[in-house]
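# Chains, contacts and geometry: an overview
The primary structure of each chain is shown beneath.
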Amino acid sequence: MKLTETLTDLANPTRFLALTARILPWLAGVTAVLLAIGIYQSAMAPDDYQQGATVKIMFIHVPNAWLSMFVWGVMSVAALGTLVWRHPLADVAAKAAAPIGAAFTFLALVTGSLWGRPMWGTYWEWDARLTSVLILFLMYLGLMALWRAVEDPSRAARAAAVLTLVGAINIPIIKFSVDWWNTLHQPASVLRMGGSTLDKAFLWPLLVMAIAFSLLFITLHLAAMRNEILRRRVRSLQMMQANRIAFSSDVGTGSREESASKSIGAA
Amino acid sequence: MSLGPYASFIVTSYALVAAVVLLLIVWIIADYRRQQARLKEIEASGITRRSGRSPADIR
């Protein structure tokens, strides 16, 4: 009940902007502190007996890989919000999350390659996990292109929401690819049945970095949502401005129909 | 702290993550300032949102 009320309250963009203005500085501060602690712990972590110091790449690769899937999950919930509940901020949330998710996915792919070269002897292998994450990255880019290609925001939102929900099929494929197909990528070692197989010396820095990166996403996402709301305000004011110009010229020419068609063109 | 024979791979990974995260932060801040400036510019020309006007202004 409380959650429903909160979501209803946040449907008002002005209220949402007021809330983000209050919490963004705190979120940014906590994120910076946790990132600093995580990076320090990562630097101080011992070398792995097999991987040596390259285990340090894991502390940034795993949070990025986890977020690449989590962000798509957030966008999928937002897509349901657009299609089912028609929440006014749902497509704002989805649109704002896409570039951030794309950046995390890109970082997961590149840091994975940089770890793979010394450990596997290759930057890239067309195995199930790597290929499905590459597909996820391409889906992020496709979604961003779709939003830019469709001019009407509500039509773009519905099309993007459908594409997001279809693309969500890829998330369990990524997660379970290492269990379903026995390929080059190692099986899950943190989130798995029976508990983590990682030693505490590696697990703690990894958890701190994962929480820090998750908070980083929330901070960036709220800020990007704020930008998107402002962009929509600018757009609606520009349409009002165009209407005003068109109708003021209407007084001079006396042709109301002509002015109306001009205003639609200008909008 | 010695990073061993693969130090360049480790340093490149961390540098790349730092660069991309910084780029995201700068892009979002710049976008916020741009939208704020455009809003102010339009509102200065006398166009305001209905919710931003007083009841007397709304005919």
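Residues numbered from 1 in each chain as written. Chains lettered and ligands numbered in written order. Predicted model: local features only at pLDDT ≥ 70, side-chain atom pairs only at ≥ 80, totals over all residues. Heavy atoms only, no water.

The next subject is the overall build of chain A. When you go through chain A residue by residue, the secondary structure sums to 9 helices and 0 strands. In chain A, the succession of α and β elements from N to C terminus is α-α-α-α-α-α-α-α-α. Burial status across chain A gives 45% buried among its 267 residues. Residue pairs in contact within chain A that sit at least 24 positions apart in sequence constitute 75% of those at least 6 positions apart. Accessible surface, chain A: about 13,800 Å² in total, of which carbon and sulfur atoms supply 68%. (Helix = DSSP H or I, 4+ residues; strand = E, 2+ residues; numbered from the N terminus. Buried < 20%, exposed > 50% of the residue type's maximum accessible area, 1.4 Å probe, protein only. Contact = heavy atoms within 4.5 Å. Areas by Shrake-Rupley, 256 points an atom, 1.4 Å probe, with all protein chains shown as cover.)

Before going further, it helps to examine the interface of chain A and chain B. By convention, interface size is frequently given as the accessible area that disappears when the constituent parts associate. Taken together, the contact between chain A and chain B spans 39 residues of the former and 31 residues of the latter. Around 3,200 Å² of area is buried between chain A and chain B when both sides are counted, 77% of it from carbon and sulfur atoms. The interface formed by chain A and chain B includes 1 salt bridge. Its salt-bridge partner being R231 of chain A, residue D31 of chain B comes within 2.9 Å of it at the nearest N-O pair. Where the side of chain A that touches chain B is concerned, the elements lending two or more residues are α2 (13-44), α3 (55-85), α4 (90-120) and α8 (200-253) of chain A. Here the element with the most residues in the side of chain A that touches chain B is α8 of chain A; it accounts for 16 residues. A breakdown of the residues in the side of chain A that touches chain B according to their chemical character gives 24 nonpolar, 8 polar and 7 charged. (Buried area = accessible area lost by both parts, 1.4 Å probe. Salt bridge = Lys/Arg side-chain N within 4 Å of Asp/Glu carboxyl O. Nonpolar A, V, L, I, M, F, W, Y, C, P; charged D, E, K, R; others polar.)

With that settled, consider the packing of aromatic side chains. All names here are of chain A. Using the criterion set out here, one finds 9 aromatic pairs over all chains in the structure. Taking the centre distance of 5.0 Å and the plane angle of 75 degrees together, the rings of W72 and Y140 count as edge-to-face. With a gap of 68 residues between them, W72 in helix α3 and Y140 in helix α5 (residues 128-149) connect regions that are remote in the sequence. An identical accessibility class is assigned to W72 and Y140; each is buried. Each member of the aromatic cluster is reached from another via a ring pair, and the members are W66, F70 and F217. (Phe/Tyr/Trp six-rings, centres within 6.5 Å; stacked < 30°, edge-to-face > 60°.)

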